[in-house]
Amino acid sequence: MSDAASVPTVALNDGTTIPQLGFGTFQIPPEDTAEVVGRAFEIGYRHIDTAQMYRNEEGVGRAVAASGIPRDELYITSKLNNSSHAPDDVRRTFEQSLERLGLDHLDLFLIHWPLPNSEVDYVDTWRAVTDLVADGRLRSAGVSNFEPAHLDRIVEATGAAPVVNQIEAHPYFRNDVAREASLRHGTAVQAWGPLGQGALFDDPTLAEVAERNGRTVAQVALRWALQRGDIVFPKSSNPDRMRENLDTLDFELSDDDVATIDGLDRGEDGRGGPHPDQLG
Ligand code: NAD
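Read on for an overview of the structure. (Residues numbered from 1 in each chain as written. Predicted model: local features only at pLDDT ≥ 70, side-chain atom pairs only at ≥ 80, totals over all residues. Heavy atoms only, no water.)

Notes on the pattern of salt bridges
And step 1. With the rule as written, the count across this model stands at 21 salt bridges.
And step 2. Here aspartate 121 makes a salt bridge to arginine 153, at a shortest N to O gap of 2.8 Å. You can see aspartate 121 sitting in the loop between strand 6 (106-111) and helix 4 (122-134) and its partner arginine 153 sitting in helix 5 (residues 148-158), a full 32 residues away along the chain.
And step 3. Residue aspartate 121 is classed as partly exposed on the basis of its relative accessible area, which comes to 27%.
And step 4. What makes arginine 153 partly exposed here is its relative accessible area of 37%.
And step 5. One salt bridge connects arginine 215 with aspartate 250, and the closest N-O pair in it is separated by 3.1 Å. Residue arginine 215 is found in the loop between helix 7 (204-213) and helix 8 (217-228), and its partner aspartate 250 is found in the loop between helix 9 (239-246) and helix 10 (255-262); the two are separated by 35 residues along the sequence.
And step 6. Through salt bridges with shared partners, a single ionic network connects Arg174, Asp176, Arg179, Arg228 and Asp230. (Salt bridge = Lys/Arg side-chain N within 4 Å of Asp/Glu carboxyl O. Helix = DSSP H or I, 4+ residues; strand = E, 2+ residues; numbered from the N terminus. Buried < 20%, exposed > 50% of the residue type's maximum accessible area, 1.4 Å probe, protein only.)

Set out below in structure tokens:
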């Protein structure tokens, strides 16, 4: 069984490190979050991914406070809401996130979506997020759902590459274009929806790879992402599944299995979420 100590870390471009496997909180109802995240801590997760948009930061904060785990053993990420891209709103809502989380600093804060059609230029939003690092209340600044052109623009304008780009990526949607653009900038990839948000579970090819390895579909999908070097934080409220998802660190998919899973990519048809250029 894997535990917190066995989760490898990924080195980020600002000299910090992040646990490669964590726990996602999208769609965990606010009223259940403290209990579910508390359970995740008991099971061994130490890296939690939340967002202003999920309205459950307060529950994450309650679980952190109740856990008794030293702050420096935890890695907490939140994300800027789409309605708060104006630079003043970045600072104000970041402080509100800290308050809701009951923390004096965040490990990672992301622009949730680039919103290229919004009145506020995401370059200005990015500058405001990077300014938070100078204050000491934010360790690392990153982005989410940034396409290659968005990444190129912020790096050219500010000289600062995000530490991570959190993008949709799973066997049905490898998202190699955004993935490779991120890596070219020295930006680590966080794969959201690593289980295809539930879409992968009936896949016969994944079931066959899982059976050959004596594992589950969830475990081989997560293992495939980990072997690509991506950072993942699957979500489940079920303790057995939470354990199962953490228990992906002590086996290795063969090159053949990796190639088989690579072959499931459906390109744009495999995308489950909105295209980042079309949101906002
Ligand atoms: P996911 O791929 O983690 O899938 C979650 C679904 O799979 C849930 O229905 C869950 O019940 C089920 N599941 C989980 N483990 C299972 C198992 N072992 N066996 C069977 N079913 C299992 O999808 P997600 O939650 O959307 O993505 C993970 C995290 O990524 C989110 O919680 C959130 O933190 C983040 N995220 C970010 C963005 C973004 O725009 N940046 C978008 C979506 C999600």
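Notes on helix 3 (residues 87-101)
And step 1. With 15 residues, helix 3 ought to run about 21 Å at 1.5 Å a step, and its terminal C-alpha atoms sit 21 Å apart, in line with that.
And step 2. Buried positions along helix 3 lie against helix 2 (57-67), strand 5 (75-80), strand 6, helix 4 and strand 7 (138-144).
And step 3. Positive phi shows up at glycine 102, right after helix 3, with a value of about 65°. (Expected span 1.5 Å × (residues − 1). Contact = heavy atoms within 4.5 Å.)

Let's talk about the site of the ligand
And step 1. With respect to spatial proximity, 27 residues lie near the ligand, and among them Asp49, Ser144, Asn145, Leu195 and Gln197 are the closest.
And step 2. The side chain of glutamine 197 places a nitrogen or oxygen atom 2.7 Å from an oxygen atom of the ligand.
And step 3. Within the contact set of the ligand, a nitrogen atom lies 2.9 Å away from a side-chain nitrogen or oxygen of asparagine 245.
And step 4. Alone, the ligand offers 830 Å² of accessible surface; in the complex the protein occludes 88% of this.
And step 5. Mapping the ligand onto the cavity grids shows that it belongs to the largest pocket. (Near = heavy atom within 4 Å. Polar contact = N/O pair within 3.5 Å; in protein donor to acceptor, adjacent residues only side chain to side chain. Areas by Shrake-Rupley, 256 points an atom, 1.4 Å probe, with all protein chains shown as cover. 1 Å grid on protein atoms, 1.4 Å probe; cavity = no way out; pocket = protein on both sides within 12 Å on 5 of 7 lines; lining within 4 Å. Sits in = over half its atoms within 2 Å of the grid points.)

A closer look at the packing of aromatic side chains
And step 1. Scanning the model with the defined rule gives four aromatic pairs in all.
And step 2. A ring pair is formed by phenylalanine 94 and phenylalanine 109, whose centres lie 5.0 Å apart and whose planes are at 65°; its orientation type is edge-to-face. With phenylalanine 94 in helix 3 and phenylalanine 109 in strand 6, the pair connects residues that are 15 residues apart, well separated along the chain.
And step 3. Above the ring of tyrosine 122, the side-chain terminus of arginine 153 is found at 5.0 Å from the ring centroid.
And step 4. One Lys or Arg, arginine 266, reaches over the ring of tyrosine 172 and ends 3.7 Å from the middle of that ring. (Phe/Tyr/Trp six-rings, centres within 6.5 Å; stacked < 30°, edge-to-face > 60°. Lys NZ or Arg CZ within 6 Å of the ring centre and 35° of its normal.)

Focus on the layout of surface pockets
And step 1. Of the voids in this model, the largest pocket is the one considered here, and its volume is about 660 Å³.
And step 2. Considering the residues around the largest pocket, the lining is formed by 31 residues, among which Phe26, Gly193, Pro194, Gln197 and Lys235 are closest to the centre.
And step 3. Residue contributions to the lining of the largest pocket peak at three residues, all from helix 9.
And step 4. Looking at the lining of the largest pocket residue by residue, the class counts come to 12 nonpolar, 14 polar and five charged.
And step 5. Of the pockets and cavities examined, the second largest pocket occupies roughly 350 Å³.
And step 6. Lining the second largest pocket are 19 residues; nearest its centre among them are Pro19, Asp72, Glu73, Leu74 and Tyr75.
And step 7. A class-by-class count of the residues in the lining of the second largest pocket yields eight nonpolar, five polar and six charged. (Points joined across faces, edges and corners; volume = space filled by probe spheres on them. Nonpolar A, V, L, I, M, F, W, Y, C, P; charged D, E, K, R; others polar.)

With respect to the packing of helix 7 against helix 10
And step 1. Look at helix 7 against helix 10: their axes get within 10 Å of each other, and the N-to-C directions meet at 165°. Judged by the inter-axis angle, helix 7 sits roughly antiparallel to helix 10. Between helix 7 and helix 10 lies a crossing whose hand is left-handed. Seen from helix 7, the contacting residues are Thr205, Leu206, Val209, Arg212 and Asn213; seen from helix 10, they are Asp257, Thr260 and Ile261.
And step 2. Each residue belonging to the contact of helix 7 with helix 10 can be placed in one class, and the counts come to three nonpolar, three polar and two charged. (Axes fitted to C-alpha atoms, helices over the stretch in contact; angles between N-to-C directions. Parallel < 35°, antiparallel > 145°, perpendicular 65-115°, else oblique. Left-handed = near helix turned anticlockwise from the far one by under 90°.)

Things to note about helix 7
And step 1. Looking only at helix 7, the buried set comprises Leu206, Val209 and Ala210. Around the axis of helix 7, the buried residues are gathered within 100° of arc, so they sit on the same side. Facing away from the buried side of helix 7 by over 90 degrees, the exposed positions are Pro204 and Glu211.
And step 2. Where helix 7 is buried, its residues contact helix 8 and helix 10.
And step 3. With a side-chain oxygen positioned 3.0 Å from the backbone nitrogen of threonine 205, the residue opening helix 7 is aspartate 203.
And step 4. Immediately downstream of helix 7, the backbone of glycine 214 shows phi near 65°, a positive value. (Arc of directions from axis to C-beta.)

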